[in-house]
Structure formats: C-alpha cells, structure tokens
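Listed below are the residues making up each chain.
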Amino acid sequence: QVQLVESGGGLAQAGGSLRLSCAASGRIFSINDMGWYRQAPGSQRELVARITSGGSTNYADSVKGRFTISRDNAKATVYLGMNSLKPEDTAVYYCNVVAQAAFFTNPLEVWGQGTLVTVSS
C-alpha cells in the first residue's frame, strides 16, 4: 500500500558528497518516523539516521557531523545528505518509513529497495 522509491546512490571519491532521496507514495494517511539504514557486505544492517514527524533527528556516531537527514512532508520524501564520504561508508542504503495507510490502521514499517553507495579511496 505504501511504496518507497530511492534515488541518488552511486560512486563517489573519498571526501566527496552524495545526496539520497526516498519518496513515499501510495495509500498514505500519515508518516511518522523516516530514516536511513545501511548494510555493508558481510555486515548487519545498521541505523544511519532517523527523523521524527516533528523534525527531531538522531545519527549513528560514525556519521555525525558529516551526514544530514531531512524531510519534506508535503512531498512525503526523506533526504540524506552525505559529505566528507569515507570508503567505510560504502554500503547499500535503505530507506525506512513508518506510515499509516488510513486513520483506522496501525502504523507499518516499510523498506525501500536499497541504493548502492560506493566510496573509492
């Protein structure tokens, strides 16, 4: 009922920047938290950043000061600005949204398909 489309991944050099976008569509009554997770080869998926409907944010220690999460509620879109990229940021980045399809339904967690970010040294 709620679909997520991610864009903006790709190849960057160390020290460079990328911006990820994730747009939610479908049957949406409200969106609560939005966030980004990442999974590197051989590693578990980990939280990168989250933002509440009120705009409060939290970040993984490894990206604090380099990454910025933001959201545009009118567009149902969450962004991740990534600066000062490091090779260890290489991973598949997944968008995560908690949304209600209707007033009478429970919030559900929805995942995007993932977008690959590769940072070369």
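Here goes a summary of the coordinates provided.

Scoring rules and cut-offs
- Residues numbered from 1 in each chain as written.
- Predicted model: local features only at pLDDT ≥ 70, side-chain atom pairs only at ≥ 80, totals over all residues.
- Heavy atoms only, no water.
- Helix = DSSP H or I, 4+ residues; strand = E, 2+ residues; numbered from the N terminus.
- Rg over C-alpha atoms; globule rule 2.2 N^0.38 Å.
- Contact = heavy atoms within 4.5 Å.
- Areas by Shrake-Rupley, 256 points an atom, 1.4 Å probe, with all protein chains shown as cover.
- Buried < 20%, exposed > 50% of the residue type's maximum accessible area, 1.4 Å probe, protein only.
- Pairing = 2+ DSSP bridges.
- Polar contact = N/O pair within 3.5 Å; in protein donor to acceptor, adjacent residues only side chain to side chain.

Counting secondary structure elements, the protein chain contains 0 helices and 11 strands. The N-to-C order of helical and strand elements in the protein chain reads β-β-β-β-β-β-β-β-β-β-β. For 121 residues, the compact-globule formula gives about 14 Å, and the C-alpha radius of gyration of the protein chain, at 14 Å, lands near that figure. Seen through its C-alpha atoms, the protein chain measures out along the principal axes to roughly 50 × 25 × 25 Å. Within the protein chain, counting contacts between residues at least 6 apart in sequence, those at least 24 apart form 55% of the total. Within the structure as shown, the protein chain displays about 6,300 Å² of accessible surface, and the carbon and sulfur contribution to it stands at 50%.

With that out of the way, let us pick up unusual backbone geometry. Positive phi, close to 50°, is recorded for alanine 76, a residue that is not glycine. Tracing the backbone through its elements, the reader meets alanine 76 in the loop between strand 7 (67–72) and strand 8 (77–82). Under the relative-accessibility criterion, alanine 76 is labelled buried at 15%. The phi torsion at serine 84 lies on the positive side, around 50°, for a residue other than glycine. Tracing the backbone through its elements, the reader meets serine 84 in the loop between strand 8 and strand 9 (91–100).

Taking every second residue as pointing to the same face, the buried face of strand 11 (residues 115–120) carries Thr115, Val117 and Val119, while none of Leu116, Thr118 and Ser120 on the other face is buried. Where strand 2 (residues 10–13) meets strand 11, 4 bridges bridge the pair, whose relative direction is parallel. In the sheet register, glutamine 13 faces strand 11, and the bridge partner there is serine 120. As paired elements, strand 9 and strand 11 share 3 bridges and run antiparallel to each other.

Time to look at the side chain of arginine 50. Relative to the helices and strands, arginine 50 is located in strand 5 (residues 46–51). A distance of 3.3 Å separates polar atoms of two side chains, one belonging to arginine 50 and the other to tyrosine 37. Looking at arginine 50, its side chain comes within polar contact range of the side chain of asparagine 96, at 2.9 Å. Those residues in contact with arginine 50, other than ones at most four positions away along the chain, are Asp33, Met34, Gly35, Tyr37, Ser56, Thr57, Asn58, Ile69, Asn96 and Val98.

Right, let's talk about the side chain of threonine 115 for a bit. By the element assignment, threonine 115 lies in strand 11. Reaching out from threonine 115, the side chain makes a polar contact with the backbone nitrogen of glycine 9 at a distance of 3.4 Å. Other than its neighbours up to four places away in sequence, threonine 115 contacts Glu6, Gly9, Leu20, Ala91, Val92 and Tyr93.

A few words on the environment of lysine 75. Looking at where lysine 75 falls in the secondary structure, it is placed in the loop between strand 7 and strand 8. For the pair lysine 75 and proline 41, spaced 34 residues apart in sequence, the C-alpha separation works out to 32 Å.

Worth remembering: the numbers are spatial, not functional.
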